[in-house]
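Observations on chain architecture
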Amino acid sequence: MIALLAVCCKGTDVTDDGQDGSGLTAPEVPAFVRGADVSWVSEMEKDGKTFKTATGIPTDLFKLLADIGLDAVRLRVWVNPRGGYCDKHDVLLKAQRAKALGMDVMIDFHYSDYWADPGKQFIPEAWKEHTYEEMLDDVRQHTLDVLTLLRDGGIQPKWVQVGNETSNGMLWSVKMDPKTGWEWKDENGRTQIVEYMGHLEKNPEQYAGFFKAGYEAVKKVYPDAICIVHLDNGFDRALYDWNLGILRDGGIDYDIVGMSLYPMAAVEWHADKVSSATDAIDKCIANIKHVYEAFGKPCMIAEVGVKVEQAEEGRELLTDVIQKARNQTDGHCLGVLYWEPEAPFNYNGGYDMGAFLAKDKLCQPTVIMDAFAQ
């Protein structure tokens, strides 16, 4: 099935009966996915936030996105989160809402009680004293537990991410700042690692082992689910060669590569690698083609975001991402998903790359979302 996903019809005329002119049936070209991570929605609704269309009609968020033209949602899973948001039960309810509208579902395992990203991959509290072998079983059992609940609830995920932005590995912890509740950083902005268990540089074999345990658990519950290895900074070819090379050299299988791309923020965060937002986009598009050539795997842009307060420019950049991903990757990019578009400006402690604005508790899409309808 994955081989089929990578196929792109090029240079061959296809007749009305589905033949390619040679007497053979032309290979099916998969639809280009347009989606969004909406994992915050249940927490926002609990807080009293509601949604309306760009023309001011009150509506459900999932229906709003489907009406715009999005056909998939992405939902993160935490192991034992405070408050229950993004635990397996919360994810099931959101997945059922998406299914009711005919939307596909991507499940994003963080393997953490809270945020996991390139700067931290906090080991869940319940796993902290476990050995590597015990933690392999933790990953396996947690994955089986969540996916079995989804299956019993009538959900068939099309994609499953084994880890979130595992650019530097998974299941390694850093020193926490008791005042902020986030990772502690020194005067140079560096974190202090306190547990190297699955750190890619320190323990590459253990990172590969954790990924394998998750992958095998996914395939046990959903043999046809598309398993994703997800890395950040889609424009950084060296990062992808390093991380995916370790998985390849360890004989670790996966189906596609998920990329994060925040073109506006990239200029601020990675001025040594990109010169502009457009440069970040173009390097990401080139990297998608490189990943396919080097590793034989298609990609998805699993996260994208632009500055919500710069909506007009953001719409142009998002349109550029979607059009280039669809038309300039030789068919090797399977879709684009926006990260938390429903988040208003400075939501949840300062996130400013959603695509909605809020008046009081009523949230409405900006023109950024128009990019998906073009």
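Refer to the structure presented above.
Cut-offs and rules
- Residues numbered from 1 in each chain as written.
- Predicted model: local features only at pLDDT ≥ 70, side-chain atom pairs only at ≥ 80, totals over all residues.
- Heavy atoms only, no water.
- Helix = DSSP H or I, 4+ residues; strand = E, 2+ residues; numbered from the N terminus.
- Buried < 20%, exposed > 50% of the residue type's maximum accessible area, 1.4 Å probe, protein only.
- Pairing = 2+ DSSP bridges.
- Salt bridge = Lys/Arg side-chain N within 4 Å of Asp/Glu carboxyl O.
- Polar contact = N/O pair within 3.5 Å; in protein donor to acceptor, adjacent residues only side chain to side chain.

1. So, unusual backbone geometry
With phi around 70°, Cys86 is a residue other than glycine that occupies positive phi space. Along the chain, Cys86 turns up in the loop between strand S4 (72-77) and helix H4 (88-100). Residue Asn348 is not a glycine yet carries a positive backbone phi of 55°. Following the sequence through the fold, Asn348 ends up in the loop between strand S14 (333-339) and strand S15 (356-359). By relative accessible area, which is 35% here, Asn348 ends up partly exposed.

2. Some words on the sheet that holds S15
Read from one edge to the other, the open sheet built from four strands follows the order S3-S2-S16-S15, with strand pairing classed as mixed. Bordering the open sheet on either side are strand S3 (58-59) and S15, each of which pairs with just one other strand. Examined bridge by bridge, S15 and strand S16 (residues 362-365) share four bridges and lie antiparallel to one another. Bridging across to S16, Lys359 finds its partner in Leu362.

3. Some thoughts on the pattern of salt bridges
Throughout the structure, instances matching the rule amount to 31 salt bridges. The partner of Asp249 in a salt bridge is Arg248, and the shortest N-O contact between them spans 3.3 Å. Owing to a relative accessible area of 47%, Arg248 belongs among the partly exposed residues under this scheme. Connected through shared salt-bridge partners, Asp37, Arg74, Arg76, Asp108, Glu303 and Glu340 make up one network.

4. Regarding the side chain of Asp255
Within the element layout of this structure, Asp255 appears in the loop between helix H7 (237-249) and strand S12 (256-261). Judged by relative accessible area, Asp255 falls into the buried class, the value being 6%. Polar side-chain contacts of Asp255 include one of 2.8 Å to the side chain of Lys219. Within the local environment of Asp255, its side chain forms a polar contact with the backbone nitrogen of Cys227, the two atoms lying 2.8 Å apart.

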